[in-house]
Amino acid sequence: MAKTWAGWVKFNVDGSSIRKPGPAGIGGLLRDHLRKELMRFSKSIGVEDSNVAELLAIREGLILFLSLPWESTEFLIHRWLLGDRKFSIILSL
């Protein structure tokens, strides 16, 4: 797990499908700089391509993050593409 700075949170999201297209799902985990879990989500998105699932996971993570009552609305999104197509979104509080 990449280091997250004090006062920041990290949202790891992922989407996948069994075939292209096929049954697909998305999920994510929001943690603070101490790696404390703040929120998680997962859900089926029907029959989709894995690329669409990845994008929908990012979209869902952003929607959930922006719906939470943060002290500041400023945020920085940083995307790291990891080995198996998982995305990390780091957001400033």
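Keep in mind that what you see is a predicted model, and the values were worked out from it rather than measured.

S.K.: Describe the overall build of the protein chain, naming the residues involved and giving the relevant values.
M.R.: A tally of helices and strands in the protein chain yields one helix and five strands. Within the protein chain, the proportion of its 93 residues that are buried is 39%. Counting every atom, the protein chain has about 5,800 Å² of accessible surface; 57% of that belongs to carbon and sulfur.

S.K.: Summarise the pattern of salt bridges; cite the residues concerned and give the values.
M.R.: For the coordinates displayed, the defined rule picks out two salt bridges. Between Arg 40 and Glu 37 there is a salt bridge, with the nearest N and O atoms lying 2.7 Å from each other. Put simply, Lys 43 and Glu 60 hold a salt bridge, and the shortest N to O gap is 3.4 Å. Of this pair, Lys 43 sits in strand S3 (residues 37-48) while Glu 60 sits in helix H1 (residues 50-67), and the two are 17 residues apart along the sequence.

S.K.: How would you sum up the nonpolar core? Please name residues and give values.
M.R.: Counting 14 residues, the largest nonpolar core has Phe 11, Val 13, Ile 26 and Phe 41 as the members making the most contacts within it. Those elements giving two or more residues to this core turn out to be strand S1 (8-17), strand S2 (22-32), S3 and H1. Counting residues per element, this core draws most heavily on H1, which supplies five residues.

S.K.: Help me get a handle on the pairing of S3, residues and values and all.
M.R.: Relative to S3, S2 runs antiparallel, the two being bridged by 10 bridges. Its bridge partner lying in S3, Gly 22 is registered against Glu 48. In this structure, the hairpin formed by S2 and S3 is closed by a connection of four residues, where Arg 35 is found at a positive phi of approximately 70°.

S.K.: Tell me about the side chain of Glu 60, and name the residues and values.
M.R.: For Glu 60, a relative accessible area of 17% corresponds to the buried category. Beyond its immediate sequence surroundings of up to four residues, Glu 60 is in contact with Ile 26, Phe 41 and Lys 43.

S.K.: Describe the pairing of S1, with residues and values.
M.R.: The buried count for S1 comes to eight of 10 residues, which makes it a mostly enclosed element. Where S1 lies against S2, nine bridges are found, and the strand directions are antiparallel. Looking at the pairing, Lys 10 lines up with Arg 31 of S2. Once S1 ends, the chain turns through four residues before running back antiparallel as S2.

S.K.: Quick rundown of unusual backbone geometry? Include the residues and the values.
M.R.: A cis amide bond links Lys 20 with the next residue in sequence, Pro 21, at an omega value of -15°. Examined against the element boundaries, Pro 21 turns out to sit in the loop between S1 and S2. Despite not being glycine, Arg 35 shows a phi value in the positive range, around 70°. Position of Arg 35 relative to the elements: it lies in the loop between S2 and S3.

Conventions used here
- Residues numbered from 1 in each chain as written.
- Predicted model: local features only at pLDDT ≥ 70, side-chain atom pairs only at ≥ 80, totals over all residues.
- Heavy atoms only, no water.
- Helix = DSSP H or I, 4+ residues; strand = E, 2+ residues; numbered from the N terminus.
- Buried < 20%, exposed > 50% of the residue type's maximum accessible area, 1.4 Å probe, protein only.
- Areas by Shrake-Rupley, 256 points an atom, 1.4 Å probe, with all protein chains shown as cover.
- Salt bridge = Lys/Arg side-chain N within 4 Å of Asp/Glu carboxyl O.
- Core = buried A, V, L, I, M, F, W, Y, C linked by side-chain atoms within 4.5 Å.
- Pairing = 2+ DSSP bridges.
- Contact = heavy atoms within 4.5 Å.

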